[in-house]
Each structure stands twice: as C-alpha cells, then as structure tokens.
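Spelled out from the first residue to the last, the chains are:
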Amino acid sequence: MDKFDVFAWANEVDEIKNNVSVELFLFNKNYTPYKVRYSDTLTQSVKSMFMLEAINFVIKEADKGLQCREYETNDGEDKVIYRVDLTKVGRAETLIHLIEKEYKDIDYFTDNEHEFKRIKGIVAKFTYPGGKGQQTFYIAKGLAASSALKGKTSWELSGESFEPLTADIAIKMPDVNEVAIIDGNIVIFNQSKFEKLFQYDYKTQVISEAKSKELMEAYGLSFPEGLTLNALLEDKKPLIKKLQGITVGEMKQDQVVSYADEMSLDLMTDETGKIIIMDNKDLSTFVNLLNEDYFVSPINGKRYEIKSKKLLDEPEGEPPRG
C-alpha cells in the first residue's frame, strides 16, 4: 500500500470541492451512529466548517513547513499533524464500519428518544466521484453536552428583542480541526481532542499489547469466538498498571488454578486445562490471582481481596527470605 499523502489529498479535494455531497451523523459514547437530516440552506456551512476548514489548513500551512508524521513518533512539535492507521483505533474503526456496512440499520436521531447529553461527537461523510470510482472521507469533531441549548430554557436575541428559541435544541459547532478519516488513515489535527474523542492512548495501548503477548505466551487461555485478550484489556488502565508490576510466568498455570480453587473463585478451565476468560470479570480475577490479591485470614478464616499491597520490611533479626 502506498504511503498516504495528506497534502495530495487536500489538493485533490480542493479541485472538486463544489461536487461533493455530505451527510451528517451524530454518535454517542458507545460509538453508535445516528443519521441527521439538515436543511439545504446549511449545506455550504456544513462543507465550510468540516471539509474546507481541514483542506484549507493543510494547503495553507504546507507552504509554511507543515509536516505529517506517524502518530507513534509524536512529541508535541509545532507545525506537525499526525497519521495513524484506522485499524489501530478500535472505536474509530467501529464507527466507520457501522456507517459503511450497517447504514440501513442506523436510526435517525431524535432527542426525545436518544438524548443529546449522551452524544459524544459528530462526523461528516463526504462523497465525490474520483478516478477509482466513488471516493469517501470523513471529518469528525467532538461535541460537549454544554454545547447544546435546550429550547425550553433558552432565548434567542433577534434584533433588539429576546424571543423564545424556536428549536428543541441549538448546537454550537466546534470551529477547530480535529480528525479526518481518509481511506483507512486517520489524520490528527489536534492530538488531545483526537485522544479524547476516541479514547485512544498510544502509550497505554503499546503496554497493553506487550502484556497481552506475554500472558498468551506464558498461560493457556481460552476465549469465546471473536474475543481476544488485547480487546478485553482495552481501556483497562488500572488492570494494565497492575500487570506492569507482575512478573508474568512467575506463577505457573497449575498454581493459578489451585490458588483460585483455594479461594473458591469462579475461574473455570476447559477440557484441555486452559483457563476460560469469558468477560472482564474473569480477566480481573485472573490478573488478581497473578498479583496474589486474595488471602484467607488466619484469625476468622474469611477470604479477602487486597485492594492495596504494601511490602513490609523484614523482621529484625531474621535474614531475608528467598
């Protein structure tokens, strides 16, 4: 696959900007998209606030030394935008997949049914005829709940007079470039807004992938079809942080199973002896076992989960153990 050239893309779109069609989608915190109708009188405004803002920035800043680098190499430089594969950003990939492959099943948004306070962002889908057939790209922006004004509690100033807000909801659109999604590439104009919009933390993701690989190599684990350890670890920062402090493989497979039995924990194995991880609960139990977070009180015989472990000094007069 040829390396993506955001500057060539911006110039190509600039040439056909009057021939693009655009469709809007809102999406919620679960990255479920909703279709949104808009007035014909807003068409130019939609194109301007989403498409033209992005391509004009790229074209204008290219003459001033703007560069596009890989997101993994970012260190907050000026005059730099970043690129990352769409497949690496799970939530963005899911959103685009639903729009492209499940379009007929997407509902139209109504505040009575879906509630705007649950909306996380808006994405504009642009389509235009190209050399390889119909071409598509997306521009996404985050929407804060505070950006919406309820008609029942808001007024509009018309000339010298306040009037009731005639719409159910009025929305202030962000006027900054945030994210473009083009042919399997995500172009990041604003790093912090991108990370917040799609809850993506590259450093945590790298650690998660490394720990997932270690665990899969050290232990026999069984997952339901379509589920992976890496997918379960996604966004589980406390669990990933705990894994960073664990020496993977120090506790052997049979020891983990025996420890779970001793603590009467619901951790099952399959017919081949693999530990079954069905969901987040099973994964948390497994990681807690590796971290030795369970114990039985020698006083009352009750079982406890340790929330915070602090290593005590060796008693005076006794040599260190191990």
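Residues numbered from 1 in each chain as written. Predicted model: local features only at pLDDT ≥ 70, side-chain atom pairs only at ≥ 80, totals over all residues. Heavy atoms only, no water.

**A word on the pairing of strand β8 (residues 155-158)**
Line of reasoning, step 1. The sheet contact formed by β8 and strand β9 (residues 161-164) spans four bridges and is antiparallel. Residue pairing for β9: L157 is matched across the bridge by F162. (Pairing = 2+ DSSP bridges. Helix = DSSP H or I, 4+ residues; strand = E, 2+ residues; numbered from the N terminus.)

**Some words on helix α3 (residues 90-101)**
Line of reasoning, step 1. Its twelve residues give α3 an end-to-end C-alpha distance of 16 Å, which sits within 8% of 16 Å, the value for a rise of 1.5 Å per residue.
Line of reasoning, step 2. Of the residues making up α3, those classed as buried are R91, A92, L95, I96 and I99. In an axial view of α3, the angular spread of the buried residues amounts to 130°, which keeps them on one side of the axis.
Line of reasoning, step 3. Looking at the buried positions of α3, the neighbouring elements they touch are β1 (21-28), β2 (33-36), β5 (119-130), β6 (133-142), β11 (179-182) and β12 (185-188). (Expected span 1.5 Å × (residues − 1). Buried < 20%, exposed > 50% of the residue type's maximum accessible area, 1.4 Å probe, protein only. Arc of directions from axis to C-beta. Contact = heavy atoms within 4.5 Å.)

**With respect to the packing of helix α6 (residues 202-218) against helix α8 (residues 237-244)**
Line of reasoning, step 1. The geometry of α6 relative to α8 is characterised by a closest axis approach of 10 Å and an angle of 60° between their N-to-C directions. Classified by the interaxial angle, the pair formed by α6 and α8 is oblique. Handedness of the crossing formed by α6 with α8: left-handed. Of the residues in α8, those in contact with T204, I207, S208, K211 and L215 of α6 are K237, I240, L243 and Q244.
Line of reasoning, step 2. Counted by class, the contact of α6 with α8 contains four nonpolar, three polar and two charged residues. (Axes fitted to C-alpha atoms, helices over the stretch in contact; angles between N-to-C directions. Parallel < 35°, antiparallel > 145°, perpendicular 65-115°, else oblique. Left-handed = near helix turned anticlockwise from the far one by under 90°. Nonpolar A, V, L, I, M, F, W, Y, C, P; charged D, E, K, R; others polar.)

**Quick notes on the pattern of salt bridges**
If the charged atoms of two oppositely charged side chains come close together, the side chains can form a pair.
Line of reasoning, step 1. Counted under the stated rule, the structure contains eleven salt bridges.
Line of reasoning, step 2. A salt bridge links E115 to K117; its shortest N-O distance comes to 3.6 Å.
Line of reasoning, step 3. Accessibility expressed as a relative area gives 35% for E115, which makes it partly exposed.
Line of reasoning, step 4. Shared partners join several salt bridges into a network, and the residues in it are E61, K64 and K79. (Salt bridge = Lys/Arg side-chain N within 4 Å of Asp/Glu carboxyl O.)

**Brief notes about the side chain of S208**
Line of reasoning, step 1. Relative to the helices and strands, S208 is located in helix α6.
Line of reasoning, step 2. At 3.3 Å, the side chain of S208 and the side chain of N230 are in polar contact.
Line of reasoning, step 3. Each residue touching S208, except ones within four places of it in the same chain, is listed here: N230, L233 and I240. (Polar contact = N/O pair within 3.5 Å; in protein donor to acceptor, adjacent residues only side chain to side chain.)

**Brief notes about the packing of aromatic side chains**
Line of reasoning, step 1. Scanning all chains against the criterion turns up 17 aromatic pairs.
Line of reasoning, step 2. Between the aromatic rings of F126 and F137, the centroid separation amounts to 5.0 Å while the plane-to-plane angle is 15°, which identifies the pairing as stacked. In this pair, F126 is assigned in strand β5 and F137 in strand β6, connecting sequence segments eleven residues apart. Summarising the burial analysis for this pair, F126 and F137 share the class buried.
Line of reasoning, step 3. One aromatic cluster is present, built from ring pairs that chain together F27, Y31, Y71, F194, F198 and Y200.
Line of reasoning, step 4. Looking at K35, its charged tip hangs above the ring of Y103, at a distance of 4.1 Å from the centre. (Phe/Tyr/Trp six-rings, centres within 6.5 Å; stacked < 30°, edge-to-face > 60°. Lys NZ or Arg CZ within 6 Å of the ring centre and 35° of its normal.)

**Some remarks on the environment of D282**
Line of reasoning, step 1. Tracing the chain through its elements places D282 in helix α10 (residues 280-290).
Line of reasoning, step 2. With relative accessibility at 12%, the residue D282 sits in the buried group.
Line of reasoning, step 3. Distance from D282 to A210, taken between C-alpha atoms, is 20 Å for residues 72 residues apart in sequence.
Line of reasoning, step 4. With sequence-adjacent residues up to four places away left out, D282 is seen in contact with D266, L267, I276 and I277.

**Quick look at a nonpolar patch on the surface**
Line of reasoning, step 1. On the surface, a cluster of nonpolar side chains totalling about 430 Å² of accessible area is made up of W155, L157 and F162.
Line of reasoning, step 2. Relative to the helices and strands, F162 resides in strand β9.
Line of reasoning, step 3. On the basis of relative accessibility, which here comes to 53%, the residue F162 falls in the exposed class. (Patch = residues over 30% accessible without salt bridge, like charges linked within 9 Å, V, L, I, M, F, W, Y side chains within 5 Å. Areas by Shrake-Rupley, 256 points an atom, 1.4 Å probe, with all protein chains shown as cover.)

**Here's the deal with the nonpolar core**
Line of reasoning, step 1. Of all hydrophobic cores here, the largest spans 36 residues; its most connected members are W9, V13, F50, M51, F126, F137 and V187.
Line of reasoning, step 2. Residue assignment for this core shows that the elements contributing at least two residues are α1 (6-15), β1, α2 (43-62), β5, β6 and β11.
Line of reasoning, step 3. Among the elements that make up this core, the one with the highest residue count is α2 (seven residues).
Line of reasoning, step 4. Ignoring any residue separated from it by four or fewer positions in sequence, one finds F137 in contact with W9, V13, M51, A124, K125, F126, Y128, I181 and I182.
Line of reasoning, step 5. Core analysis: the next-biggest nonpolar cluster, separate from the first, contains 26 residues, L239, V248, A260 and Y294 among them. (Core = buried A, V, L, I, M, F, W, Y, C linked by side-chain atoms within 4.5 Å.)

**Focus: the pairing of β2**
Line of reasoning, step 1. One ladder, built from four bridges, connects β1 with β2; its direction is antiparallel. Pairing of L24 across the sheet is with V36, part of β2.
Line of reasoning, step 2. In this structure, the hairpin formed by β1 and β2 is closed by a connection of four residues, where Y31 is found at a positive phi of approximately 65°.

**A short note on the sheet that holds strand β3 (residues 67-70)**
Line of reasoning, step 1. Overall, mixed pairing links the eight strands, which are arranged β2-β1-β5-β6-β11-β12-β4-β3 in an open sheet. The open sheet has two edge strands with one neighbour each: β2 and β3. Looking at each pair of strands side by side, their axes are set apart by 25° on average, direction ignored.
Line of reasoning, step 2. Relative to strand β4 (residues 80-85), β3 runs parallel, the two being bridged by four bridges. Each residue of the ladder has a partner; that of Q67, found in β4, is V80.
Line of reasoning, step 3. Sitting on the sheet, α1 touches β3, β4, β5, β6, β11 and β12, and the angle it makes with β3 is about 130°.

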